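Each chain, written out:
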Amino acid sequence: MIAALIVTAAVLYAAFFGAGPLPALGAAFNPVTGAWTMAADASISSETLRLAGLDQPVKVTFESDGTAHIVAQTDHDLFLATGYVHARFRLFQMDLLRRQGEGRLSEVVGKAALDSDRFELQLGLLRTAQLEWNAASPRSREAGIAYAQGVNDRITEAEAAHQLPAMFTLLGYQPKPWAPIDSLIVKGDMTQTLNFTDTPLVMALLEKSLGADLTSQWFPILPPNPQSPYDPGPYPAQAPPAPIAAVSQVSDSEAVAAADVYQRLSSLPAGLVATGGDSNNWAVAGSRSTSGGALMAGDPHLHLTLPAIWYQLTMDSPGYHVSGVSIPGTPVILIGHNQHISWSLTDAQNQQTFFYLEHEDSAHPGQYLWNGAWKSYQTVSYDIPVLGGPTDHLTVKLSVHGPVITERGQTTSVWWAGNIPSQDLDVLMGIDQASDYQQFRDALRGWYSPTHNFVYADDKGNIGLISAGYYPQLGAGAQPWLPMAGTGEYDVAGTIPYDDIPQVYNPPDGIIWSANQRQVTADYPYYIGTASNFFDPGYRANEIHRVLSQGAKLSAADMMALQTDTRDYLASEMVPILLKALPSSASKDLLSTWDYRMEINSPAATIWWTFWQSYLAATFDPYWKSRDVKVARSELNDALGQDLEAWTLGDPTNSAFTYGGSSNTSSDVMRIAFTSTISTLTKQLGSDPNTWTWGRVHQRVIENLAQVTGLNYGPRPDRGDANTPLAAPNFPSSNGPSWRMVVDWGAGTFQAIYPGGQSENPASAWYDDRVNTWFDGKYAAMLTADQASGASGSKAWTLQP
Amino acid sequence: MRIVATVIVALIVSVAGVLAGAWWAPFVAGLVIGVMQPRARFAIPAGAGIGLLGWALPLAAVQIQYGAGSAAESLAAIMGFSHQAAIPVVLTLLVGTLLGLCGAWLGSAARSLVQPAPSR
């Protein structure tokens, strides 16, 4: 009896509550209501469904690849149905996104996520979303409420049918109802990923260790290398920004504070802090296209995940006729086209994060000095439930600048544009409805953060590009690239007037382009950020500009070829100089016949990339080692690479090459680096340079969003690098073109692809069915709802009130 | 015949329970079998069989209706056993079997406390 009791108790405990890493086995593996429901969930058939809250019937047609086409008779029903469809295919992803922003990941995954939760609650996405919702326009309130109703309809339905996504079952929790504010949280996640930066902290650490002189020389405001700004001016009259001065001194306590925040941010999960951008977009006027209509191409580069950040759909109702991609959790299409205009976006990269050192005094506990008076910090308290542990209590202090981010060394608060309540949802609804550039531009007037380069093309042959968003302007004398005194004189005083921000419309040469490069020339009169870690080094932009400006008329096929272009612009500049510095060798021969394309089968691509890393190391590592710099040199390769490029092209005797009293020039250091390159590659790949193909060292992986490695796609060898239009940074690369879209208004064609699938269910055929097409550089037609209805393999839902 | 009928009824109840979401139904069915059947050497294997079939039949229904292969592969990947789809299937059947077996064992043990097993 005792043995029976003990064994039974153990089995029942494991079945009801799980054991160790195992979920509750009974609920999780129940063939009918457990994780096996992913089999039923993967099966989509034509059917009629009832949805609470609908006013009229709604038709949803699915193409054979899962692209959804929603046709509603009212705008309210359109947003409700969009919420339902999103939740039907991406509910777990949506829940993860809102939990991340709301600081509630620990509740379902345990203390491993506690640092992330504490940081998010400190930063304040939740507080901002609450303010945004309170001030939301009637239009966006209606959309948000209807969308939430649709999501909740699906949650109710799934719970009743025991068909919640399997990850809920395996993690042992159920999603709480969706609230409209959750959509604003999801939008806040994206803002943070793209625009919350730690660059001023990095600059403070550099100044403290590398020294003020080298920091100011090597990390200037204006890029030292040749770039291709898309807005060449003329600009409004105002003095351009002064160069970074070398006299600024970072105190010990400031350095402690900077190091504390920097270390903390570094330990957070990838994606919470912006680390440089990689996106492309461009447009060609009708006068320059073979079809006679405007061309537009866009490929935003993001962390590539399964499920993807995007869900493709068309939305049709009396007020909306729009096609493109949405972020699950939000009720609008972010990138796409309607009947008259198309648009895409890249990150504008201007500085939107500033750190302030609060002046405190032991005689004024709990206060800080601001504008000559002592002010008390506001405080907000949070309880963070932690799975398997006690609830964590967090109190956030707020100064006028924003949340206090550290109190070690020197109390430091952070001002971040993403914390300004904005009406970005309303802006996106305005874009979705715009029919010409004026309406498009007017809609963008209310866009704050993240600042984006919005490219535009329309059915009249017009093209435009506007870098919409908030460009903070600070008090005179401010050094925003470092943490600044929080006593008031350097506070954000406003933004660049909308008419003065970077923008062009129908330029004379008929082309516009952006790839995260600095948008304006040195004559631009406003401070928008430094070359270090805010703006891209510009190689992709240069290559795109080079191709577009070659003179011949361009077609949609040319746009696609450019989106998958693997030509490394930096290599095209550097390799000819390198060849002059090198003696004869087999490796040199490979480089001398190379077309600068980072293709899988190219050994020269491997030699070039390894050489460039060695060249950076040979030039800068001696300084890093001797001065014990606390920021990894590799983290600054974009900025240092611009310097090295500029010196190699025009200043080969720069003193940076002469570390330790040597008389080295760039050619000498190149030879040293090349010798190191050959040694490294021989050890890694063997003695025959012909076998050092890029695909052996460079791979791409598309990661499962829940970090289940068994559900990743890849890694597999892939082309491209960090500098090529087909961006593939890192090893293995997990960032890149998250959506490719090409529009030809003259031919009336709209084509796109993203690396993923419409469903988050790994058992679904729509989990990763688009990935191979994406790898192959192919596209799918963006159909209308009518076209989709007649397409083979399509299925349809009728949603009834 | 009465024994067979009892087992069949217990199996039907077990499967119906599982289909209704009561994944623990095989345990209850096994418990009843254990209490009702005086011989543990019969009751415990019967309980295990009821548990096995109680979960296997609904799983077979999933396979017939939707195809369970892709789900099995996905579950294996989530569990850290990529490309070994048999593991979640075996684990699922094992859970069902253990539930029925433990129910029957506990039932038999309880019965033996109040009514010793008949001699041969």
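What counts and what doesn't
- Residues numbered from 1 in each chain as written.
- Chains lettered and ligands numbered in written order.
- Predicted model: local features only at pLDDT ≥ 70, side-chain atom pairs only at ≥ 80, totals over all residues.
- Heavy atoms only, no water.
- Contact = heavy atoms within 4.5 Å.
- Buried area = accessible area lost by both parts, 1.4 Å probe.
- Polar contact = N/O pair within 3.5 Å; in protein donor to acceptor, adjacent residues only side chain to side chain.
- Helix = DSSP H or I, 4+ residues; strand = E, 2+ residues; numbered from the N terminus.
- Pairing = 2+ DSSP bridges.
- Axes fitted to C-alpha atoms, helices over the stretch in contact; angles between N-to-C directions.
- Parallel < 35°, antiparallel > 145°, perpendicular 65-115°, else oblique.
- Nonpolar A, V, L, I, M, F, W, Y, C, P; charged D, E, K, R; others polar.
- Left-handed = near helix turned anticlockwise from the far one by under 90°.
- Core = buried A, V, L, I, M, F, W, Y, C linked by side-chain atoms within 4.5 Å.
- Buried < 20%, exposed > 50% of the residue type's maximum accessible area, 1.4 Å probe, protein only.
- Domains from an automatic or database assignment.
- Phe/Tyr/Trp six-rings, centres within 6.5 Å; stacked < 30°, edge-to-face > 60°.
- Lys NZ or Arg CZ within 6 Å of the ring centre and 35° of its normal.
- Salt bridge = Lys/Arg side-chain N within 4 Å of Asp/Glu carboxyl O.

A. Region of interest: the interface of chain A and chain B. Listed as interface residues are 32 residues of chain A and, on the opposing side, 36 residues of chain B. When chain A packs against chain B, the two sides together hide about 2800 Å² of surface, and 85% of this comes from carbon and sulfur. Counting the surface chain A buries against chain B, the share from its top three residues, Phe 29, Pro 31 and Trp 36 of chain A, is 24%. Linking chain A with chain B are five residue pairs in polar contact (both at pLDDT 80 or more). Breaking the side of chain A that touches chain B down by element, the ones donating at least two residues are helix 1 (2-17), helix 2 (25-29), helix 3 (37-41) and helix 9 (166-171) of chain A.

B. Expanded view of the sheet that holds strand 7 (residues 305-306) of chain A. All names here are of chain A. As summarised here, the arrangement of the three strands in space is 7-26-27, forming an open sheet in which the pairing is mixed. Single-partner strands in this sheet number two, and they are strand 7 and strand 27 (713-717). Relative to strand 27, strand 26 (residues 699-704) is paired through three bridges, and the arrangement is antiparallel. Within strand 27, the position partnered with Ile 702 by the bridge is Tyr 713.

C. Layout of the packing of helix 14 (residues 424-433) of chain A against helix 15 (residues 437-444) of chain A. Residue and element names in this part refer to chain A. Packing of helix 14 against helix 15 leaves a shortest axis separation of 8 Å and a crossing angle of 175 degrees. With respect to helix 15, the axis of helix 14 lies roughly antiparallel. Residues Val 427, Gly 430, Ile 431 and Gln 433 of helix 14 pack against Gln 439, Phe 440, Ala 443 and Leu 444 of helix 15. For the contact of helix 14 with helix 15, the residue count by class is five nonpolar, three polar and no charged.

D. Representation of the packing of helix 2 (residues 25-36) of chain B against helix 3 (residues 40-65) of chain B in the model. Residues and elements named next belong to chain B. Two elements in contact, helix 2 and helix 3, have axes whose closest approach is 9 Å; the angle formed by their N-to-C orientations is 160 degrees. One finds that helix 2 runs roughly antiparallel with respect to helix 3. Note that helix 2 runs across helix 3; the crossing there is right-handed. Residues Pro 26, Ala 29, Gly 30, Ile 33 and Gly 34 of helix 2 pack against Ala 43, Ala 46, Gly 47, Ile 50, Gly 51 and Trp 55 of helix 3. Taken together, the residues of the contact of helix 2 with helix 3 break down into seven nonpolar, four polar and no charged.

E. Seen up close, the sheet that holds strand 22 (residues 484-485) of chain A. Residues and elements named next belong to chain A. If you walk across this open sheet you meet the four strands as 17-18-12-22, and the pairing is mixed. Every interior strand has two partners, whereas the edge strands, strand 17 (404-406) and strand 22, have only one. When strand 12 (residues 353-357) meets strand 22, the two strands line up parallel, connected through two bridges. Residue Leu 357 lies in a different strand from strand 22, and its bridge partner there is Ala 485.

F. Representation of the nonpolar core within the structure. All names here are of chain A. Membership of the largest hydrophobic core comes to 258 residues, with the highest contact counts inside it found for Trp 218, Phe 440, Trp 608 and Trp 624. It is helix 4 (residues 75-102) that provides the largest number of residues to this core, a total of 13 residues. Each of domain 1 (2-193) and domain 2 (569-697) accounts for three or more of the residues forming this core. Once you skip the residues sitting within four places of it in the chain, Trp 624 turns out to touch Leu 206, Leu 210, Trp 218, Phe 219, Val 629, Val 631, Ala 632, Arg 633, Leu 636 and Leu 640. Ranked by size, the runner-up nonpolar core spans nine residues in total, among them Trp 415, Tyr 470, Leu 474 and Ala 478.

G. Expanded view of the packing of aromatic side chains. Residue and element names in this part refer to chain A. Inspection of every chain in the model, using the stated rule, returns 48 aromatic pairs over all chains. Here Trp 218 and Tyr 623 contribute two aromatic rings whose centre-to-centre distance is 5.0 Å and whose plane-to-plane angle is 90 degrees, an arrangement assigned as edge-to-face. Of the two residues, Trp 218 is situated in helix 12 (residues 212-218) and Tyr 623 in helix 20 (residues 603-627); the sequence distance between them amounts to 405 residues. Aromatic ring contacts, followed pair by pair, group Trp 218, Trp 608, Phe 611, Trp 612, Tyr 615, Phe 620, Tyr 623, Trp 647, Phe 657, Tyr 659 and Phe 674 into a single cluster. A cation over an aromatic ring shows up here: Arg 88 above the ring of Phe 89, its NZ or CZ 5.2 Å from the ring centre.

H. Fine view of the pattern of salt bridges. Residue and element names in this part refer to chain A. Within this structure, the stated rule accounts for 25 salt bridges over all chains. Glu 543 is the salt-bridge partner of Arg 546, the closest N and O atoms lying 2.9 Å from each other. Here Glu 543 and Arg 546 lie together in helix 16 (residues 539-548), a separation of three residues that amounts to about one turn. Taking relative accessible area as the criterion, Arg 546 reaches 28% and is therefore assigned partly exposed. Of the residues examined, Glu 543 reaches a relative accessible area of 0% and is grouped as buried. Across the salt bridge formed by Arg 671 and Asp 668, the nearest N and O atoms sit 2.8 Å from each other.

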